[in-house]
Amino acid sequence: MVEISEVSMEETSPTETPKEEPKSADSSADAADSRSQERLSDADEIEAALAHIARPSARLHVQNLVTKLRKEGAALQRVSAMMSSSSSSTSSNDA
């Protein structure tokens, strides 16, 4: 049996939290687009592995995961598009 030792919060948390720089709408949109592409690529890779799964229940679980990743990827693409369009309309209004 493996002994689990306690870890105190003092040991794991930094004394000072790093301050996050404010992000522009473009960088946020790029981040959302990057995350969406990552989800869609993961779905493609996992779907390719379906050919090697013999058990029907395992196949169903993996198909559900692929469906979930594709939905998340599509949602993140919509967020990215919305952020891009709002930032472009804001900058055109500022001019």
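Keep in mind the model is a prediction, meaning the values are calculated, not measured.

Here we come to the overall build of the chain. What the chain contains, in helices and strands, is 3 helices and 0 strands. The order of helices and strands in the chain, counted from the N terminus, is α-α-α. Split into buried and exposed, the 95 residues of the chain put 14% on the buried side. Nonlocal contacts in the chain, meaning residues at least 24 apart in sequence, comprise 68% of its contacts between residues at least 6 apart.

Here Ile53 is to be found in the loop between helix H2 (25-49) and helix H3 (56-94). For Ile53, the contacting residues outside a window of four places in its chain are Ala58, Arg59 and Val62.

Let's shift gears to the side chain of Ser80. Take Ser80: it is sitting in helix H3. Apart from the residues within four sequence positions on either side, Ser80 is in contact with Ala29, Ala32 and Asp33.

Among the secondary structure elements, Ser36 is positioned in helix H2. Judged by its relative accessible area of 0%, Ser36 is buried. Excluding anything up to four places from it in sequence, Ser36 contacts Gly73, Leu76 and Gln77.

This brings us to the pattern of salt bridges. The tally for this structure, following the rule as stated, stands at 4 salt bridges. Its salt-bridge partner being Glu72, residue Arg39 comes within 2.7 Å of it at the nearest N-O pair. With Arg39 in helix H2 and Glu72 in helix H3, this residue pair connects regions lying 33 residues apart in the sequence. Classification of Glu72 by relative accessible area gives partly exposed; the value is 28%. One salt bridge in this structure joins Lys68 and Glu72, with 4.0 Å as the shortest N-O distance. Highlighted residues: Lys68 and Glu72, both in helix H3, separated by 4 residues, approximately one helical turn. Residue classification places Lys68 among the partly exposed positions, given a relative accessible area of 48%. Salt bridges linked by common partners bring Arg39, Lys68 and Glu72 together as one network.

Definitions and limits used
- Residues numbered from 1 in each chain as written.
- Predicted model: local features only at pLDDT ≥ 70, side-chain atom pairs only at ≥ 80, totals over all residues.
- Heavy atoms only, no water.
- Helix = DSSP H or I, 4+ residues; strand = E, 2+ residues; numbered from the N terminus.
- Buried < 20%, exposed > 50% of the residue type's maximum accessible area, 1.4 Å probe, protein only.
- Contact = heavy atoms within 4.5 Å.
- Salt bridge = Lys/Arg side-chain N within 4 Å of Asp/Glu carboxyl O.

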